[in-house]
Amino acid sequence: MEIRRIDHQSLWFTFGTPLQTESLLFDREAAKPLAAMPTMPWELKMADHRVQLRYRMTENTRVFGLGENLRGMNKRGGLYESFCTDDPIHTPGKKSLYGAHNFLLVDDQEPFGLFIDFPGKVVFDIGFSEHDQLVITITGSDVDLFHFANGTLKELTLAFRHLMGESYVPPKWAFGFQQSRWSYNTRQEIEAVAGGFLKHQIPCDAIYLDIDYMERYKDFTIDYHAFPHFQQLVEEMKEQGFRLIPIIDAGVRIEDGYAVYEEGIEKGYFCLNPDEKPFVAAVWPGKVHYPDFLNPEARRWFGLQYKVLTDMGIDGFWNDMNEPSIFYTEDRLRDAIQLAKDSEEKNLDIDTFFLLTDSFKTLFNHPADYQKFYHQVNGELMNHAKIHNLYGFNMTRAAAEGLQEIDPDRRFLLFSRASAVGQGRFAGIWTGDNHSWWEHILLNLQMMPAINQCGILYTGADTGGFSDDANAQLVIRWSQFSLFAPLFRNHAALNTRNQEPFAFDNKTTETMRNVIRLRYSLIPYLYSEYMKAARSNGLYFMPLCFEYDDEPSSLTDDQILVGESLMSAPVYRENARGRYVYLPEPMLLWRAVSVEEGDLEVMSAGYHHMPVELVETPIFIRRNRMLVMGKPAMNVGEMDLSILTVLVFIDDQAEYVYYDDDGISRGYQRGAYSEIHLKVVRRRGEYDILVDNRDNEQVKTLRMILVDPEGLREEREVTVRKGSMSG
Ligand code: MIG
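Remember, it's a predicted structure, so these values are computed and weren't measured experimentally.

Cut-offs and rules
Residues numbered from 1 in each chain as written. Predicted model: local features only at pLDDT ≥ 70, side-chain atom pairs only at ≥ 80, totals over all residues. Heavy atoms only, no water. Helix = DSSP H or I, 4+ residues; strand = E, 2+ residues; numbered from the N terminus. Contact = heavy atoms within 4.5 Å. Areas by Shrake-Rupley, 256 points an atom, 1.4 Å probe, with all protein chains shown as cover. Near = heavy atom within 4 Å. Polar contact = N/O pair within 3.5 Å; in protein donor to acceptor, adjacent residues only side chain to side chain. Nonpolar A, V, L, I, M, F, W, Y, C, P; charged D, E, K, R; others polar. Disulfide = S-S within 2.5 Å. Buried < 20%, exposed > 50% of the residue type's maximum accessible area, 1.4 Å probe, protein only. Right-handed = clockwise from strand over helix to strand, strands pointing away. Pairing = 2+ DSSP bridges. Phe/Tyr/Trp six-rings, centres within 6.5 Å; stacked < 30°, edge-to-face > 60°. Lys NZ or Arg CZ within 6 Å of the ring centre and 35° of its normal. Axes fitted to C-alpha atoms, helices over the stretch in contact; angles between N-to-C directions. Parallel < 35°, antiparallel > 145°, perpendicular 65-115°, else oblique. Core = buried A, V, L, I, M, F, W, Y, C linked by side-chain atoms within 4.5 Å. Salt bridge = Lys/Arg side-chain N within 4 Å of Asp/Glu carboxyl O.

### Things to note about the overall build of the protein chain
- A tally of regular secondary structure across the protein chain gives 14 helices and 44 strands.
- Judged by the C-alpha coordinates and their principal axes, the protein chain covers about 85 × 70 × 55 Å.
- The contacts of the protein chain with a sequence gap of at least 6 include a subset with a gap of at least 24, amounting to 72%.
- Here the protein chain displays about 27600 Å² of accessible surface, and carbon together with sulfur accounts for 48% of that area.

### Observations regarding the site of the ligand
- Taken together, 13 residues lie around the ligand, and Asp210, Asp320, Arg417, Asp433 and His491 are the ones closest in.
- At 3.1 Å, a side-chain N or O of tryptophan 284 approaches an oxygen atom of the ligand.
- About the coverage of the ligand: the protein hides 95% of its 350 Å² of free accessible area.
- Counted by class, the shell around the ligand contains 8 nonpolar, 1 polar and 4 charged residues.

### Notes on the state of the cysteines
- All told, the structure shown has 0 disulfides when counted by the stated rule.
- Distance from the sulfur of cysteine 545, which forms no disulfide, to the nearest cysteine sulfur (cysteine 454) is 15 Å.

### Here's the deal with the pairing of strand 15 (residues 206–209)
- Burial along strand 15 is two-sided: Ala206 and Tyr208 facing one way and Ile207 and Leu209 facing the other are all buried.
- The β-α-β motif built from strand 14 (residues 177–179), the intervening helix 2 (residues 187–199) and the parallel element strand 15 has right-handed crossover chirality.
- As paired elements, strand 15 and strand 16 (residues 243–249) share 4 bridges and run parallel to each other. Residue pairing across strands places alanine 206 opposite arginine 243, the latter belonging to strand 16.

### Re the pairing of strand 23 (residues 413–416)
- Residues Leu413 and Phe415 point to one face of strand 23 and Leu414 and Ser416 to the other, with burial holding for every one of them.
- Judged from the 4 bridges that link them, strand 20 (residues 316–320) and strand 23 form a sheet pairing that is parallel. Note on strand 23: the bridge partner recorded for tryptophan 318 is phenylalanine 415.
- In the sheet, strand 23 pairs with strand 25 (residues 428–430) via 2 bridges, with the strands oriented parallel. In the sheet register, serine 416 faces strand 25, and the bridge partner there is isoleucine 429.

### Considerations on the packing of aromatic side chains
- For the coordinates displayed, the defined rule picks out 54 aromatic pairs.
- Taking 6.2 Å as the distance between ring centres and 45° as the angle between the ring planes, the aromatic pair formed by tyrosine 208 and phenylalanine 415 counts as tilted. With tyrosine 208 in strand 15 and phenylalanine 415 in strand 23, the pair connects residues that are 207 residues apart, well separated along the chain. Both residues of the pair, tyrosine 208 and phenylalanine 415, count as buried.
- A ring pair is formed by tyrosine 540 and phenylalanine 541, whose centres lie 4.9 Å apart and whose planes are at 90°; its orientation type is edge-to-face. The burial state of tyrosine 540 is the same as that of phenylalanine 541; both residues are buried.
- Between arginine 489 and the ring centre of tyrosine 208, over which it is positioned, the NZ or CZ distance is 4.7 Å.
- Above the face of the tryptophan 430 ring, arginine 489 is positioned so that its terminal group lies 5.4 Å from the ring centre.

### Some points on the packing of helix 11 (residues 439–453) against helix 12 (residues 472–482)
- Helix 12 packs onto helix 11 with a crossing angle of 10° between their chain directions and a minimal axis gap of 10 Å. When the axis of helix 11 is compared with that of helix 12, the two are roughly parallel. Of the residues in helix 12, those in contact with His440, Ile441, Asn444, Leu445 and Met448 of helix 11 are Leu474, Arg477, Trp478, Phe481 and Ser482.
- For the contact of helix 11 with helix 12, the class distribution of residues is 6 nonpolar, 3 polar and 1 charged.

### Considering the sheet that holds strand 12 (residues 133–138)
- The 5 strands lie next to each other as 4-5-12-11-7, forming an open sheet whose pairing is antiparallel. Of all the strands in the sheet, the pair left with one neighbour each is strand 4 (43–47) and strand 7 (78–82). Each neighbouring strand pair of the sheet contributes to a mean axis angle of 15°, computed without reference to strand direction.
- Across 5 bridges, the pairing between strand 4 and strand 5 (residues 50–56) is antiparallel. Paired with methionine 46 across the strands is valine 51, a residue of strand 5.

### Observations concerning the environment of threonine 58
- Residue position: threonine 58 is located in the loop between strand 5 and strand 6 (62–65).
- Contact partners of threonine 58, with chain neighbours within four places excluded, come to Arg76 and Asp108.

### Digging into the nonpolar core
- Membership of the largest hydrophobic core comes to 208 residues, with the highest contact counts inside it found for Leu309, Tyr530 and Phe620.
- Top contributing element to this core by residue count: helix 13 (residues 506–535), with 14 residues.
- The next biggest cluster of nonpolar side chains, apart from the first, holds 27 residues, and it includes Tyr80, Val106, Leu114 and Ile126.

### Let's talk about the side chain of threonine 157
- Relative to the elements of secondary structure, threonine 157 occurs in helix 1 (residues 153–164).
- Among the polar contacts made by the side chain of threonine 157, one reaches the main-chain carbonyl oxygen of leucine 153 at a distance of 2.7 Å.
- Residue contacts for threonine 157: discarding those within four places in its chain leaves Phe103, Leu105, Gln453, Leu539 and Phe546.

### Here we look at the pattern of salt bridges
- Enumeration according to the criterion identifies 53 salt bridges in this entry.
- Here glutamate 613 ties to arginine 577 by a salt bridge, and the two come within 3.1 Å at their closest N and O atoms. With glutamate 613 in the loop between strand 35 (606–611) and strand 36 (617–621) and arginine 577 in the loop between strand 31 (566–568) and strand 32 (578–583), the pair connects residues that are 36 residues apart, well separated along the chain.
- With relative accessibility at 32%, the residue glutamate 613 sits in the partly exposed group.
- Across the pair aspartate 651 and arginine 623 runs a salt bridge, and its minimum N-O distance is 3.9 Å. Here aspartate 651, found in the loop between strand 38 (643–649) and strand 39 (653–661), pairs with arginine 623, found in the loop between strand 36 and strand 37 (625–629); they are 28 residues apart in sequence, far enough to count as distant.
- The exposure class of aspartate 651 is partly exposed, given its relative accessible area of 27%.
- Given the relative accessible area of 31%, arginine 623 is considered partly exposed.

Printed below as a string of structure tokens:
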């Protein structure tokens, strides 16, 4: 074991010779070797080719992190397995979802963070087997481990994020509303959906193409029967304000004459059997090979395939099935069929009957199938199970790097289903196949901050729920939460009820129009917060206890902070006309009915029952903070940001840095962005407004709405030109 100190907060332990996962990027040379083992809060055990960490929890210990996972924000009481899994039923007993996010924060007298840089399975038993024991079992003995200490939960997260590197930045239009469904099957259906948004005057920036746009589910092909003149469709849609976002699956269909397949075979870019023939599994296209994304050449090859679509005007993608999902392997299916044949004439007893049905039921993503194939890593064959959690990561990295090579200065929308730590540098994620269940609104909220802690900032859930049928109320309430998420996308599964904003009754259409317009009005703030978080390795969503020290804040896990000014406390129970909220300090509640309407009410610190009608979105503005809003339009590109409304809840002094840029290029990395520094001081009922607008060329009008702790409201209009001013 080697131990090094990276900085005053971060220690690095190496066991054996770990694979370089590239989850973290930092100056490894600068880390200083330590001669002796420092005193650590946890105990270490190494046996049977495993590394195990054990920590004794007190009654008050809380554990945060673990990214995309089930249960509440405090992970205590659960058993979790990091092993990227395509599990479409997110019930509380499940141990793995699509991501492997091995970062956790132990909130105790002396808080600490741990990141386990290991690409195989890791088990986190957080007081599940024994209520006071946190046990982390790493299924291997070659691992890098990072320990973070000397700071608050927020500081420890930032220290970890600092080692990971800057998070992915999507184009600004990706903050617009997005509509998806599995599938809009034809050109006509896409045009009808776009027409629905236009007819009902509901803003929308993107419409999704699920697997049926492809020819026989072959990546980088188009089914021209269903989508004639595809490129023209892409252009027409763009003229109407909609971008089309196609899905890309991990598996490559085996089909003679299909160029991607043939080239992959020729160059040896697919995962292999032990006999070094390409491994075969079945997914949507039928039999496929999996590209070996761990091979840098294969990665570049696959990434450049996206050009087929970008050449036709496509600006964004979602990568799916990249855990990778396996429907079945040939031999496992053969065994199941054989068992069925053998059973045919028999009088099956209970055990043999279940053996038979299970042999079919367990075909899907069978754990043993992940041990059947190999990658080429540094010239050697490496078993997939050992690096499983890097697969989706490297597929997404392939896409990101390919897109960057295709068009170096352009930002593309890109998000993935499977993920691991480090992937946040390349793309976002969506949280996969949830259900149209009320419980999943809460789950969505609880996952968001943990996903951010792992460095993935661009994220959101299938709003309205993927599987099962949604009713209007669910879609509305869910949207009232998702309007705070960077990725605000309504998506539903095959054979479920339509759940587009205009798929229900007129009243619902009107409410959804208001909710989505509200989202657009928040984009100046949401984008500003996103960009600041991305550029400073900061957080966009946070649990209350990351900002407030009091006990109730650390117990609150159905409310979250959105950027530095807002708190969201959505209604997530059916038929509820309100909910309980906890306020760690006085806040201004805006019960937004629409951009233009809704009561403003100052709420005192403490617990409250808050009435919220179905048409109302509750938005909390923290004390001495500001919310910058713009005028909504039918899409992000059409928004006129020369007039901004700034809602300020002010006790004595509020400051805000409003960030903006061109939203499409990488120019911000070279300093091409603007910041307006706003400061409002309230003294004896008088306001001073200070504006510092160093780099902004545009003239802007700021409509300042100032609300004091008594709820007294004043309005000011400030015209901002280049330079500093006060008013
Ligand atoms: O096995 O492409 O999570 O969003 O609609 C299902 C069809 C495959 C799973 C994705 C979902 C998508 C669906 N896909």
